[in-house]
Amino acid sequence: MAQLDTREKLAILADAAKYDASCASSGTAKRDSRDGKGLGSTEGMGICHAYAPDGRCISLLKILLTNSCIFDCHYCINRKSSNVRRARFTADEVVKLTIAFYKRNYIEGLFLSSGIIKSSDYTMEQMVEVARSLREDHHFRGYIHLKTIPDADPELVHQAGLYADRVSINVELPTVSGLKRLAPEKDGARIEGAMGEVKASIADNGDARRKYKSAPRFAPAGQSTQMIVGADAATDGEIVTRASTLYDRFGLRRVYYSAFSPIPDASTVLPLQRPPLMREHRLYQSDWLMRFYDYSPHEVVAAADDATGMLPLDIDPKLAWALKFRDSFPVDVNRAPRELLLRVPGLGVKAVNRIVASRRWRRLRLDDVARLTVSVAKVRPFIVAEDWRPVLLTDRADLKPLVAPKRQQLELFAA
């Protein structure tokens, strides 16, 4: 490997890390250095947040320790057989880079992943050393997210959780068959076993901290995972079901979805085109329905097309479900329980909470509901209010064009 300076390494390894979607910093413990001790914080003023055009948070220094890898996963641009320029940071270089970026107010923390070099244990040791040095040698109190390696020794993964705010273990693909076909060197059972061990450690730490305040924290922001969408033949229904299973079994904070992107010198077993980015967006909306709107997985799957198992791209899953199950509407905003109001397209969690609070004092009219939502036109066919009943809308066969978002021609050089 040619000798590269830090700037060249950063250019290579930051670009190689762009395929990791799971870099949100929400949910961690509150820490800061306003008492004059330590360095950094996980909140408050002075933290620079930046967002990519597709909405991903990039306020963390998101890099790979190295893009060299002994594995040959078909979908990965850093696979062993890939013809890409390789680079590698030492643990000390990552530590210095993180401190330098934080002092310049570029970042709020570190997201560190890596290809596998020498062995899973060796690579995991290097990543843990980065987190250990930041915490113990430099008293860094900012956010740290480590992408752990399921094949590594469980003790190394446990150490990662003691230093990091969040740990994540990628399931890679939604189905077992897809994993065997595209990443034959990875073991689905071992991945789930490692996730189960992290879950147990988080639970044990919670028990210990309830008894002893001095007990060290273990991954206070929990664990997450990521799966690639569109590299195999998995349908949206299968992906939603898989995500729900992961949430239930391992207590995950988030399941991230990353739309497959064609890579140079790609394997012949991969699709030639990327899936539409809107598909990734619809899956995130489905995830939101299960996490915050009390939809069960089978309800979300029911919103998909019966023949293809795919969610519609032109409308969101909540509206798709409402149009498919018209017999559940209209809902009376003055009488319906909260769980039914959450089913109404166009009403978010905050709007529903305000409706429930407001109707204790007065009966709500359509104008009152309109003040709580962006588009009352989307809401009207699905609700009953004090002065409104959708007599002519409820059973219309052409309801979808009336409530679906209007297509807009965007201006490339808009002022």
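Residues numbered from 1 in each chain as written. Predicted model: local features only at pLDDT ≥ 70, side-chain atom pairs only at ≥ 80, totals over all residues. Heavy atoms only, no water.

Caption draft 1: Representation of the pairing of strand E5 (residues 223–229). Burial of E5 is extensive: seven of the seven residues sit out of reach of the surface. Where E5 meets strand E6 (residues 254–259), six bridges bridge the pair, whose relative direction is parallel. By the bridge assignment for E6, Ile 228 is matched with Ser 258. Read from E5 through helix H7 (residues 236–250) to E6, the crossover connection turns out right-handed. (Buried < 20%, exposed > 50% of the residue type's maximum accessible area, 1.4 Å probe, protein only. Helix = DSSP H or I, 4+ residues; strand = E, 2+ residues; numbered from the N terminus. Pairing = 2+ DSSP bridges. Right-handed = clockwise from strand over helix to strand, strands pointing away.)

Caption draft 2: Region of the structure containing a negative patch on the surface. On the surface, Asp 121, Glu 125, Asp 153 and Glu 155 cluster together into a negatively charged patch. With respect to the helices and strands, Glu 155 occurs in helix H4 (residues 154–163). Given the relative accessible area of 45%, Glu 155 is considered partly exposed. (Patch = residues over 30% accessible without salt bridge, like charges linked within 9 Å, V, L, I, M, F, W, Y side chains within 5 Å. Areas by Shrake-Rupley, 256 points an atom, 1.4 Å probe, with all protein chains shown as cover. Salt bridge = Lys/Arg side-chain N within 4 Å of Asp/Glu carboxyl O. Lys, Arg positive; Asp, Glu negative; His and termini not counted. Charge placed at Lys NZ, Arg CZ, Asp CG, Glu CD.)

Caption draft 3: Spatial organisation of the packing of aromatic side chains. Going through the model one piece at a time under the given rule, you end up with seven aromatic pairs. Measuring from ring centre to ring centre gives 5.2 Å for Phe 329 and Phe 382, while their planes differ by 75°; the resulting arrangement is edge-to-face. Note that Phe 329 is positioned in the loop between helix H10 (317–324) and strand E7 (331–332) and Phe 382 in the loop between helix H14 (376–379) and strand E8 (383–384), a separation of 53 residues in sequence. Neither residue differs from the other here; Phe 329 and Phe 382 are each classed as buried. Here the aromatic cluster, defined as three or more aromatic residues joined through ring pairs, consists of Tyr 295, Trp 321, Phe 325, Phe 329 and Phe 382. The cationic tip of Lys 118 hangs over the ring face of Tyr 122; the distance from NZ or CZ to the ring centre is 4.4 Å. (Phe/Tyr/Trp six-rings, centres within 6.5 Å; stacked < 30°, edge-to-face > 60°. Lys NZ or Arg CZ within 6 Å of the ring centre and 35° of its normal.)

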